[in-house]
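These are the residues of each chain, in order.
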Amino acid sequence: MMAKINASTSYYTLQNDATEDISEHSIFNFVISNPYESFYLKTLDATADVHSGEFIAQEVTKAITEDFPIENKISTVISDNTKANKKSWKLIKEKKPKLAAYGCNSHNSHLLVKDLTYFKPGTRPPHEIVKKLSETLGICKEVTKHFKSHRITNSALQKEQDLHKFPHLALP
């Protein structure tokens, strides 16, 4: 597996996520990926461990420096957005300043949609809420299209995003 990883590309993203297995053990999964492929690295049974920012940062660092010699191949670390993970990002960046570490946008979107669309069982969302969500999404698309179709404005926005280390807009 390592030969394929080392030969296939010059950078990867490390994703880690915690969950419970069917035996209610707390586990951490580690996967690396690039735009073309993904590789499972390992699963860690962390049932007996406190899931602190320090613990997560230690395990992420260990995965890329000791368990698998891929430190020079990892450009980004992505996890969900718990307080402990947010603390781990800070600790990882202190030790490895060239690494970017942040939360999963898909996870953020899923939580947002879940929060916005959750209703008590047996009830239906009020028409006004659905209409407002649709209008809000439409406005977001228009803002993104505006920046993408205006070169100078988009350039200024991208400079600000780079300055604050925010991701760039994607076309809707």
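Going by the structure above, here's the rest.
Residues numbered from 1 in each chain as written. Predicted model: local features only at pLDDT ≥ 70, side-chain atom pairs only at ≥ 80, totals over all residues. Heavy atoms only, no water.

Asks: For this particular structure, what's the right way to read the pattern of salt bridges?
Replies: Close approach of charged atoms lets side chains of opposite charge pair. Tallying each qualifying case throughout the model produces two salt bridges. In this structure, Glu59 and Lys42 form a salt bridge, with 3.9 Å as the shortest nitrogen-oxygen distance. Taken together, the positions of Glu59 in helix H2 (residues 53–67) and Lys42 in strand S3 (residues 38–45) put the pair 17 residues apart, joining distant regions of the chain. Take Glu59: its relative accessible area is 8%, and that puts it in the buried class. Lys87 serves as the salt-bridge partner of Glu54, at 2.6 Å between the closest nitrogen and oxygen. One end of the pair, Glu54, is in helix H2; the other, Lys87, is in helix H3 (residues 83–95), and 33 residues separate them in sequence. Owing to a relative accessible area of 40%, Glu54 belongs among the partly exposed residues under this scheme. (Salt bridge = Lys/Arg side-chain N within 4 Å of Asp/Glu carboxyl O. Helix = DSSP H or I, 4+ residues; strand = E, 2+ residues; numbered from the N terminus. Buried < 20%, exposed > 50% of the residue type's maximum accessible area, 1.4 Å probe, protein only.)

Asks: So what exactly am I meant to see when it comes to the sheet that holds strand S1 (residues 12–20) here?
Replies: Backbone-to-backbone hydrogen bonds pair the strands of a sheet. The strands run either parallel or antiparallel. Taken in spatial order, the five strands of this open sheet run S3-S2-S1-S4-S5, and their pairing is mixed. Edge positions in the open sheet fall to S3 and strand S5 (100–103), since each of these has one partner strand only. Across the sheet, the axes of successive neighbouring strands diverge by a mean angle of 20 degrees, strand direction being ignored. Here strand S2 (residues 26–33) pairs with S3 via seven bridges, running antiparallel. Directly across from Val31, in S3, lies its bridge partner Tyr40. In the packing of H3 onto the sheet, the strands contacted are S1, strand S4 (74–79) and S5, and the crossing angle to S5 comes to about 175 degrees. (Pairing = 2+ DSSP bridges. Axes fitted to C-alpha atoms, helices over the stretch in contact; angles between N-to-C directions. Contact = heavy atoms within 4.5 Å.)

Asks: Before we go on, may I ask you to explain the packing of helix H5 (residues 127–149) against helix H6 (residues 151–163) in this structure?
Replies: Each pair of packed helices can be summarised by the angle the axes make with each other and by the distance between the axes. Contact pair H5 / H6: the axes reach a minimum separation of 5 Å and the direction vectors enclose 105 degrees. When the interaxial angle is binned, H5 and H6 end up roughly perpendicular. Residues His146, Phe147, Lys148 and Ser149 of H5 form the contact with H6, whose own contacting residues are Arg151, Thr153, Asn154, Leu157 and Gln158. By residue class, the composition of the contact of H5 with H6 is two nonpolar, five polar and two charged. (Parallel < 35°, antiparallel > 145°, perpendicular 65-115°, else oblique. Nonpolar A, V, L, I, M, F, W, Y, C, P; charged D, E, K, R; others polar.)

Asks: I tried to follow the nonpolar core on my own but got confused; where do I start?
Replies: As a rule of thumb, soluble globular proteins bury nonpolar side chains together. Residues Leu14, Phe30, Ile32, Ile74 and Val77 are the most contacted members of the largest nonpolar core, which totals 24 residues. Among the elements of the structure, S1, S2, S3, H2, S4 and H3 are those that each provide at least two residues to this core. (Core = buried A, V, L, I, M, F, W, Y, C linked by side-chain atoms within 4.5 Å.)

Asks: Would you take a moment to explain the pairing of S5 for this structure?
Replies: In summary, the side chains of a regular strand alternate between the two faces of the sheet. Bridging between S4 and S5 involves four bridges; their strand directions are parallel. Looking at the pairing, Thr76 lines up with Ala100 of S5. Traced from S4 through H3 to S5, the parallel crossover comes out right-handed. (Right-handed = clockwise from strand over helix to strand, strands pointing away.)

Asks: Mind showing me how you'd approach the packing of aromatic side chains here?
Replies: What characterises a pair of aromatic rings is the spacing of the ring centres plus the angle enclosed by the ring planes. Using the criterion set out here, one finds two aromatic pairs in the structure. Their ring planes at 70 degrees and their centres at 5.7 Å tell us that Phe28 and Phe55 sit as a pair that is edge-to-face. In this pair, Phe28 is assigned in strand S2 and Phe55 in helix H2, connecting sequence segments 27 residues apart. It is Lys42 that lies over the ring of Phe30; its NZ or CZ is 5.3 Å from the centre. (Phe/Tyr/Trp six-rings, centres within 6.5 Å; stacked < 30°, edge-to-face > 60°. Lys NZ or Arg CZ within 6 Å of the ring centre and 35° of its normal.)

Asks: What should I look at first to understand the side chain of Gln161 in this one?
Replies: Structurally, Gln161 is set in helix H6. Given the relative accessible area of 7%, Gln161 is considered buried. The contact partners of Gln161, leaving out residues within four places of it in the chain, are Phe166, Pro167, His168 and Leu169.

Asks: Sorry, what's going on with unusual backbone geometry here?
Replies: Comment: phi is negative for the bulk of residues other than glycine, and the bulk of peptide bonds are trans. A positive phi angle, near 65 degrees, is found at Glu24, a position not held by glycine. Among the secondary structure elements, Glu24 is positioned in the loop between S1 and S2. Taking the relative accessible area as the measure of exposure, Glu24 reaches 60% and is therefore exposed.

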